[in-house]
Amino acid sequence: MRLERVGRRHGLRGAWILRDVDLDLPAGTLVRVVGTNGTGKSTLLRLVAGVDAPTAGRITGRPPRTAYVPERFPAALPFTATDYLVHLGRIQGLGTAAARAVAGEWLERFGAGEHARTAMAELSKGTSQKVAVAQAFLADPSLLVLDEAWTGLDTGARAELDAAVRSRRAAGGTVVFVDHDPRRLEGEPSAVYEVREGRVGEAEDPVGPASDPVGRASGPVRAGAGPLPRVRITVSGGPRALPPAERLPGHPVVAPGPDGDGDGTTVLTVDAGHSDALLRALLAASWHIHHLGSEGVRV
């Protein structure tokens, strides 16, 4: 997907919000957009998602299956949570039964399953946000655009959204996001762009993944530094089995504890930039943390 000299303003003589934006958004990339409030970040994301049309320039190569989570979600809709998701799933080409099944799956994943039959207008702000995020994943979008989608989510749902973003990228999708937390998916973006005074350019001191010769991420790096240290977390006692590594923050390496299966512990090794998010996800799922350290695992 490509934006060529794209501009956006309101009305024929309104002030330009964005001017001369040139961006390449290849498949399989994770792109973060930063900038102070009011600079046009949301406008850029709406253009990328196809919600708004550019006033100038052109956008080509947008995938036909695109999902968008706006900064403000209109929760007061005449649907239950499930009926709303089924409605959107059908719009995206799913059959009714398939849409209902996948809607239930995503509501459960984001911790909103008990509200499946609740009217949208009666949902709390946090639960409404879970529904807003769930709708974006119903039909495996090739382009996912998230405008402050993590805001209002609890710790478990934020970790689940992190994992879902990684899965979409791993499947070849393009993800473009804005989030107020500078640690969000830290070290993972392919590129970080800053919106400033109506212009979009590469952010100063961007943090992104190193790539192998064919462009796949081979590990997070810091600008001007070597690879990040690795952190080892030893856990036990979770009420359920650990999710697959690709659904955990940082995609940790998972192995039995030092005494094998006998001691009941599991060791997760992850890049330091993802250790906080992984710890939060483990604690939210009621796993007991035995040990946390980086001894012997620096790479």
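Heads up: the structure comes first, above all this text.
All figures in this text were calculated on a predicted structure; none of them were measured in a lab.

Draft legend 1. Region of the structure containing the packing of helix α2 (residues 81–91) against helix α4 (residues 125–136). The N-to-C vectors of α2 and α4 enclose an angle of 25 degrees; their axes lie 10 Å apart at closest approach. Considering the angle they form, α2 stands roughly parallel to α4. In the packing of α2 onto α4, the handedness of the crossing is right-handed. Contacts between α2 and α4 involve Ala81, Tyr84, Leu85 and Leu88 on the former and, on the latter, Val131, Ala134 and Gln135.

Draft legend 2. Examining unusual backbone geometry more closely. Positioned with a positive phi, Glu148 is a non-glycine residue whose angle comes to about 55 degrees. In this fold, Glu148 is placed in the loop between β6 (143–147) and α5 (155–170).

Draft legend 3. Representation of the sheet that holds strand β15 (residues 288–293) within the structure. Strand order in the open sheet formed by four strands is β13-β14-β12-β15, and the pairing between neighbours is antiparallel. In the strand order of this sheet, the two ends are held by β13 (253–256) and β15, each with one partner. Mean inter-strand twist for the sheet, computed between neighbouring axes without regard to direction, equals 25 degrees. Relative to strand β14 (residues 266–271), β13 runs antiparallel, the two being bridged by four bridges.

The rules we used
Residues numbered from 1 in each chain as written. Predicted model: local features only at pLDDT ≥ 70, side-chain atom pairs only at ≥ 80, totals over all residues. Heavy atoms only, no water. Axes fitted to C-alpha atoms, helices over the stretch in contact; angles between N-to-C directions. Helix = DSSP H or I, 4+ residues; strand = E, 2+ residues; numbered from the N terminus. Parallel < 35°, antiparallel > 145°, perpendicular 65-115°, else oblique. Left-handed = near helix turned anticlockwise from the far one by under 90°. Contact = heavy atoms within 4.5 Å. Pairing = 2+ DSSP bridges.

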